[in-house]
Structure formats: structure tokens, C-alpha cells
Amino acid sequence: MTTSHWLVKSEPNTYSYGDLERDGKTIWDGVRNNAAALHLKAMREGDEVFFYHSQEGLAVVGIAKVVRTAFPDKTDPAGRFVAVELAPVRALTRPVTLADMKAEPALADMAMLRQSRLSVSPVAADQWKVILKMAGG
DNA sequence: GCCAACGTTGGC
DNA sequence: GCCAACGTTGGC
């Protein structure tokens, strides 16, 4: 079993990386997209997750980790979607902006760049390393 | 605020 | 089962 990497988006006005650090952990629910839900289901405990600020900031600002694998999303009345639980790992020394990622050829195939509306997406191992490096290591 | 992308809904 | 209309997301 190998560790996978992911990226989740959140509007910082609604829930920021700082909020996650303050809370210690949070239930990542409210995802109402089948492709995103499939990714949530594929997450394993200990997987690392880039935390991206959409709308405001437009940058990967921190790293979180999966502390609880997929379970039914209580906020979904139809009971079709799932949630996971995330905890903070660390804020990035230097946030990596969307513009930075678009300008980096090694990230051209990133799922979140190819499909901008996807709120939960996989990050390949090499893409993960590139972004970490861009963040200052 | 606008608009492109894309998922969902509903009429046929 | 197709496809037009509509709603939502998210970058600009």
C-alpha cells in the first residue's frame, strides 16, 4: 500500500488553512461531485493533501493529512456522498500560487489545472515534489 | 461582475 | 437515451 497525494480546495472566506490549524482537525464534507467523491473514497489514512485557497489567495498554502477515511457525509440528505477527516501538518514556507503552477511545465498534467472546477484531485508523486520545491522545501 | 467549464435536470 | 436549459464553481 503506497501513500497517495491529493489536493483539496477551499474558499478561505469559508474555511481557511488557518481555520484547520486552529481546529486541529476537521470533517471535509459538502463535496457534491462524483469525480471528487471518488477521490475522497480513495484516500487512505496518512495520505498527504495540499490545501488550496480558491477565490481569494489562489495558492497552495499548507499541507494536511487524512486522519479518517471516507464515511457517509451527514450533510448530504440523499446519503450518496462521503466525507473524510483532515488534520493540519504544516503551512508552506512560501505559498505556491496558481500562476506559479501554470507556469511550471512539470505540472502541465496536474488534474486541478486540467479541470479547474474539481474540488478534490489527485497529485502525482513527482508533481508533489515539484510543488514542495517551489514552496521552498 | 463576467464568463467558461462542466455537471445535473427534465422534457421529449 | 438524447440534449437543451440551467445551476455552480472558480479564474480573470
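We now turn to the structure provided with this report. Fair warning: this is a prediction, and the values are worked out from it, not measured in the lab. (Residues numbered from 1 in each chain as written. Chains lettered and ligands numbered in written order. Predicted model: local features only at pLDDT ≥ 70, side-chain atom pairs only at ≥ 80, totals over all residues. Heavy atoms only, no water.)

## A look at the protein's contact with DNA strand C
Okay, so step 1: By nearness alone, every residue bordering DNA strand C is listed as Lys9, Tyr52, Ser54, Gln55, Leu58, Leu98, Lys102, Ser116, Arg117 and Ser119.
Okay, so step 2: Counting only atoms of DNA strand C within 4 Å of the protein, the fraction found in sugar and phosphate groups is 71%.
Okay, so step 3: Residue Lys102 places a side-chain N or O atom 2.4 Å away from a phosphate oxygen belonging to DNA strand C.
Okay, so step 4: At 3.2 Å, a side-chain N or O of Arg117 approaches a base oxygen of DNA strand C.
Okay, so step 5: Of the residues belonging to the surface near DNA strand C, the class tally is three nonpolar, four polar and three charged. (Near = heavy atom within 4 Å. Polar contact = N/O pair within 3.5 Å; in protein donor to acceptor, adjacent residues only side chain to side chain. Nonpolar A, V, L, I, M, F, W, Y, C, P; charged D, E, K, R; others polar.)

## Some remarks on the pairing of strand β4 (residues 59-72)
Okay, so step 1: In terms of strand pairing, strand β3 (residues 48-53) meets β4 through six bridges, oriented antiparallel. Its bridge partner being in β4, Phe50 is matched across the sheet by Ile63.
Okay, so step 2: Between the antiparallel neighbours β3 and β4 lie five residues, among them Gln55 with a positive phi of about 65°.
Okay, so step 3: Relative to strand β5 (residues 82-97), β4 runs antiparallel, the two sharing 10 bridges. For Ile63, the partnering residue across the bridge sits in β5 and is Arg90. (Pairing = 2+ DSSP bridges. Helix = DSSP H or I, 4+ residues; strand = E, 2+ residues; numbered from the N terminus.)

## Digging into unusual backbone geometry
Okay, so step 1: Located in the positive-phi region is Gln55, a residue other than glycine, with phi close to 65°.
Okay, so step 2: By secondary structure assignment, the location of Gln55 is in the loop between β3 and β4.
Okay, so step 3: On the basis of relative accessible area, Gln55 is assigned to the exposed category, the value being 56%.
Okay, so step 4: One non-glycine residue, Leu58, lies in positive phi territory at about 50°.
Okay, so step 5: Position of Leu58 relative to the elements: it lies in the loop between β3 and β4.
Okay, so step 6: We classify Leu58 as partly exposed; its relative accessible area is 37%. (Buried < 20%, exposed > 50% of the residue type's maximum accessible area, 1.4 Å probe, protein only.)

## Side note on the side chain of Glu85
Okay, so step 1: Looking at where Glu85 falls in the secondary structure, it is placed in strand β5.
Okay, so step 2: Residue Glu85 is classed as buried on the basis of its relative accessible area, which comes to 13%.
Okay, so step 3: With sequence-adjacent residues up to four places away left out, Glu85 is seen in contact with Lys25, Thr26, Ile27, Lys65, Val66, Val67, Arg68 and Phe71. (Contact = heavy atoms within 4.5 Å.)

## Quick word on the sheet that holds strand β2 (residues 26-28)
Okay, so step 1: One open sheet accounts for six strands, arranged β2-β5-β4-β3-β1-β6; its pairing is mixed. Single-partner strands in this sheet number two, and they are β2 and β6 (120-123). Looking at each pair of strands side by side, their axes are set apart by 40° on average, direction ignored.
Okay, so step 2: Across six bridges, strand β1 (residues 5-10) lies against β3 in parallel orientation. If you follow Leu7 over to β3, its bridge partner there is Phe50.
Okay, so step 3: Where helix α2 (residues 34-42) meets the sheet, it contacts β1, β4, β5 and β6, and its direction lies at approximately 55° from that of β6. (Axes fitted to C-alpha atoms, helices over the stretch in contact; angles between N-to-C directions.)

## Remarks on the protein's contact with DNA strand B
Okay, so step 1: Around DNA strand B sit Asn33, Asn34, Gln115 and Arg117, and those are all the residues in its vicinity.
Okay, so step 2: Restricting the count to atoms of DNA strand B within 4 Å of the protein gives a sugar and phosphate share of 67%.
Okay, so step 3: Here Gln115 contributes a side-chain N or O atom positioned 3.0 Å from a phosphate oxygen of DNA strand B.
Okay, so step 4: Its residues assigned to classes, the surface near DNA strand B shows no nonpolar, three polar and one charged.

That is the geometry; function is a separate question.
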